[in-house]
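Here are the chains, one letter per residue:
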Amino acid sequence: MTDAELQTFTSIMDALVRISSNMKSMERELRCPVCEEMVKQPIVLPCLHSVCVLCAAEVLVQRGYPPPELPPEPNTPTSSPNTRSPRQARRPPPKTDRLDRVLRTVCGTYPGRRRKDNTVMTMMFPCPTCRCDVELGERGLMDCLRNLTLERIVERYRHTVSLGSMAVMCQFCKPPQTLEATKGCADCRANFCNECFKLYHPWGTPRAQHEHILPTHSFRPKILVCVEHEQERLQFYCRSCQRLLCALCKLRRVHSGHKVMPIAQAYQTLKDKITKEMNYVLANQEMVQAQITQVESAIAQTEVNSAVSKEQLNQCVSELRGVLAERQGGLAKIIEGARAQRTEALNSQLSEKQNLLENAGLLTYTQELLKETDQPCFVQAARITHNRLVKSIDNLQHFSLSADPSFRHYHMEVSRELKLLCSMDFIQAPLAPVIDTQKTLAYDQLYLCWRLPQDSAPAWHYSVEYQRKVGGAGALWGGVKSEGTGGGNSPWLRLEEVGGTSAVIDRLEMDSVYVLRVRGCNKAGYGEYSEEVYLHTPPAPVLSFCLDSRWGLHAERIALGKGQTYARSVPGLTLLQAADRALTSCHLTSDLLVADVSVTQGRHYWACSVEPGSYLVKVGVGLETKLQEWFHLPQDMASPRYDPDSGHDSGAEDAQDCPPSFCFLTMGMGKILLPKSSVSNAPSAPLTAPLPPRLGVCLDCDKGRVTFYDAHSLRVLWERTVDCSAPVCPAFCFIGGGALQLQELIANRSTEQAPPRRVTIQSTVTNFSN
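In every chain, residue numbers begin from 1 and rise along the written sequence. Reporting of local features is limited, given that this is a predicted model, to residues whose pLDDT is at least 70; pairs of side-chain atoms are given and counted only at 80 or more, and all residues count toward the totals for whole chains, interfaces and linings. Hydrogens are left out, water is left out, and the side-chain values use all remaining heavy atoms of the structure.

### Here's the deal with the overall build of the chain
Inference 1: For the purposes of this entry, the term helix denotes a DSSP run of H or I that reaches at least four residues, the term strand denotes a run of E that reaches at least two, and both are numbered from the N terminus. When its secondary structure is counted, the chain shows 14 helices and 33 strands.
Inference 2: Within the span of the chain, comprising 770 residues, buried residues form 33% of the whole.
Inference 3: Pairs at least 24 apart in sequence give 66% of the contacts found in the chain among residues at least 6 apart. Using a 1.4 Å probe on the protein chains alone, a residue whose accessible area is under 20% of its type maximum counts as buried, one over 50% counts as exposed, and one in between counts as partly exposed. Residues are treated as being in contact if the distance between any of their heavy atoms lies within 4.5 Å.

Shown next, in the form of structure tokens:
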């Protein structure tokens, strides 16, 4: 053999070895998840997993369903040598011994069916691969197609790795001289040796046109046909149902509106996707190998860590045993001391009682003492005996044990300890926190508040993650558009080691939507994330101010709180007297409050909350000079020519084309009045809306426009032009009783926790779809 021939032979052998190795590694994909053997006549379940048809029938029978009707085996009696063999008599159809054995075990005998039993039973099959019950439909396994592709792969696998070492014998040779089959006929569904194949497929007959294949134990139909419409080929694929359809099934109402495509298009599309995905996997073999190494390292680390955990468990239990033994010894000593003390007391009492017996020492000594005739000596010696006898008689008349022998006070109560021991478990990570949406808000900064569920393990610290949503503000928050551009979201940012149950996030972009989530951490690691919440930052920088008291407040009607961020209007005696004179054309007036700052340019935002029980409260802006004139010369509220929401007197017809000097939005009695001149996309009716918890105001001095928002969702309520040619300041008006609170800056809130560390979370997203 020359070197070239040797090299060629070596390369061929290497290729064969490589192919054999690849086929052997594929064996796990070809095993039935029920019997864990190579699949035989696999069927496709509605969940797209494959099992042996007999295994599926066994599972259904074991679950109490009637014996299922198996999919029919296409067979032509005229062309089947089993029924028309000249050498052999008619053979009975083969019985499925496995199914027969299961039926006899579960049902005793084959369960019969009544002729008029039309009860429809929907079968549920427990798929062992996806571990959930799948609905088979009314016909059960009859609606499941055979996986012919998987059968062909199994057949090639058997011939490649020689798993089917058992030879396939000819079915038509006589028993003593049975030869090994060399061919199989797909039409006759039988195996033949060369002589028998020529005998049953003579030249010039229709049988000579039969398709011959390799010998096999499992014959397959040539093509897939519809299980409901026999002899109808499957020519379409429904993407909505993920089922193959024939031409008749496509016309059914159940598939109307579904995405149905020809089978050729579905074949090519799916083949292209699988080819693309396979090429991606092959091109990233280094990544796969690196991940395999990481998984193998994790498995080794798991073994090491499990051994360490077991050692720690044994150590903890040993410490508990030591503490219990030590405590047991101490309690045993206490019981022994009590026993000795009580035994000594009872023995002393026993000696005293024994001295009272007739022949005991005390009575004998007393009898001898009574024989004494010398009076002085008798009195001297008999005094102590008299005391002893008096004490003995008293104890005799009022007898009680000197010590309690029951030891009732030394019984152990360990129910609480047993409960603790029974509940002893490994450390659990904290459960998903619950974000308090009532306290969470975005103002000058973002304030996030949360709490742990009651049954959660404690958390050492928390991790707060937030991400800016790009291009989603308009869809999420109606009417307010985000200034961000781009096709994707910004990366996740994280605040690590946050102590307490609240966090403040600063350095955020204006007019943007942020998504936030929280998770806790303890010795067991990080727990689950909370539900994501979305917050919208204000559309402009926040303006910080206090309520001004320089314009001569009516102290009897208006009271300012500490810090001058809270105001309450209380109707006093003067207002009641004015109301009493209302019928005599003495009309009521309003009380005005303004901010201690004014602006001339830029965009500014602030928020406040109005008490729902307020009678009438007006919130808005106005020129500082005009507001001073209005305050010092208050208008008649009941005058038909006065409309504070219009910004000017309706009699000033010459100034109708100019923007108003001030603009107010009226609230009261839990409602908010929306004037007719609202934004174009807001409906004109109804003119009232529920009062939001917080009202936001945005003043754009450059455009001369003021916008009112629902501060919780930043939904636009109303907007209008306003004169900004001079300094403009926020203004508030009270009519009757009411209260108002300015939104506190989050930066002014005291935080006793250490500043968290900011981290950018790097994530790699792999996308190989179309």
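### Details of the pairing of strand β31 (residues 728-735)
Inference 1: In terms of burial, β31 is largely enclosed, as eight of its eight residues are buried.
Inference 2: Alternating residues of β31 divide into Val728, Pro730, Phe732 and Phe734 and Cys729, Ala731, Cys733 and Ile735, and every residue in both groups is buried.
Inference 3: Paired strands are those between which DSSP finds at least two bridges. When strand β22 (residues 591-594) meets β31, the two strands line up antiparallel, connected through four bridges. Across the sheet, the residue bridging to Val594 is Ala731, located in β31.

### Focus on the sheet that holds strand β6 (residues 190-192)
Inference 1: If you walk across this open sheet you meet the three strands as β6-β5-β7, and the pairing is antiparallel. Two strands in the sheet have a free side with no partner beyond their single neighbour: β6 and β7 (212-213).
Inference 2: Judged from the three bridges that link them, strand β5 (residues 183-185) and β6 form a sheet pairing that is antiparallel. What sits directly across from Gly184, in β6, is Asn191.

### Looking at unusual backbone geometry
Inference 1: One non-glycine residue, Leu48, adopts positive backbone phi at about 75 degrees.
Inference 2: Here Leu48 is to be found in the loop between β1 (42-44) and β2 (50-52).
Inference 3: Positioned with a positive phi, Arg131 is a non-glycine residue whose angle comes to about 55 degrees.
Inference 4: Residue placement: Arg131 occurs in the loop between β3 (123-127) and β4 (132-137).
Inference 5: Residue Arg131 is classed as exposed on the basis of its relative accessible area of 74%.

### Side note on the sheet that holds β31
By way of backbone hydrogen bonds, the strands of a sheet pair with one another, either parallel or antiparallel.
Inference 1: The strand order across the open sheet formed by six strands is β22-β31-β24-β25-β26-β27, and the pairing between neighbours is antiparallel. Strand pairing shows two members of the sheet lacking a second neighbour, β22 and β27 (688-690), which therefore form its edges. Pairwise comparison of adjacent strand axes, ignoring direction, gives a mean angle of 25 degrees for this sheet.
Inference 2: Across three bridges, the pairing between strand β26 (residues 671-673) and β27 is antiparallel. From the neighbouring strand, Lys671 faces β27, where its bridge partner is Pro690. Fitting a line to C-alpha atoms yields each axis, with helices limited to the stretch in contact; the angle taken between N-to-C directions then spans 0 to 180 degrees.

### Here we look at helix α9 (residues 361-370)
Note that an α-helix has 3.6 residues per turn; residues three or four places apart therefore point the same way.
Inference 1: Turning to α9, its buried residues are Leu362, Thr366 and Leu369. All buried residues of α9 project into a common sector of 60 degrees when viewed along the axis, lining one side. This arc is taken over the directions from the axis of the helix to the C-beta atoms.

### Quick notes on the packing of aromatic side chains
Both the distance between ring centres and the angle between the ring planes are used here to describe each pair of aromatic rings.
Inference 1: Pairing of aromatic side chains here covers Phe, Tyr and the six-membered ring of Trp, requires ring centres within 6.5 Å, and sorts the geometry by plane angle: under 30 degrees stacked, over 60 edge-to-face, intermediate tilted. Going through the model one piece at a time under the given rule, you end up with 13 aromatic pairs.
Inference 2: Between the aromatic rings of Phe192 and Phe197, the centroid separation amounts to 5.8 Å while the plane-to-plane angle is 75 degrees, which identifies the pairing as edge-to-face.
Inference 3: The exposure class of Phe197 is buried, given its relative accessible area of 13%.
Inference 4: Ring centres of Tyr466 and Tyr514 lie 6.5 Å apart, and the angle between their planes is 55 degrees; this geometry places the pair in the tilted category.

### Comments concerning the side chain of His461
Inference 1: Mapped onto the fold, His461 is located in strand β14 (residues 461-469).
Inference 2: Exposure remark for His461: the relative accessible area of 19% places this residue in the buried category.
Inference 3: With residues near it in sequence (within four places) discarded, His461 still touches Glu497, Val498, Gly520, Cys521 and Tyr526.

### Some words on the pairing of strand β28 (residues 695-700)
Each regular strand displays side chains that alternate between the two surfaces of the sheet.
Inference 1: Counting buried residues along β28, six of its six residues qualify, which places the element largely inside the surrounding structure.
Inference 2: Judged from the six bridges that link them, strand β23 (residues 603-610) and β28 form a sheet pairing that is antiparallel. Along β28, the bridge assignment pairs Trp606 with Val697.
Inference 3: Relative to strand β29 (residues 705-710), β28 is paired through six bridges, and the arrangement is antiparallel. Its bridge partner being in β29, Gly696 is matched across the sheet by Tyr709.
Inference 4: Connecting β28 to the antiparallel partner β29 that follows it, the hairpin turn spans four residues, and Gly704 within it adopts a positive phi of roughly 65 degrees.

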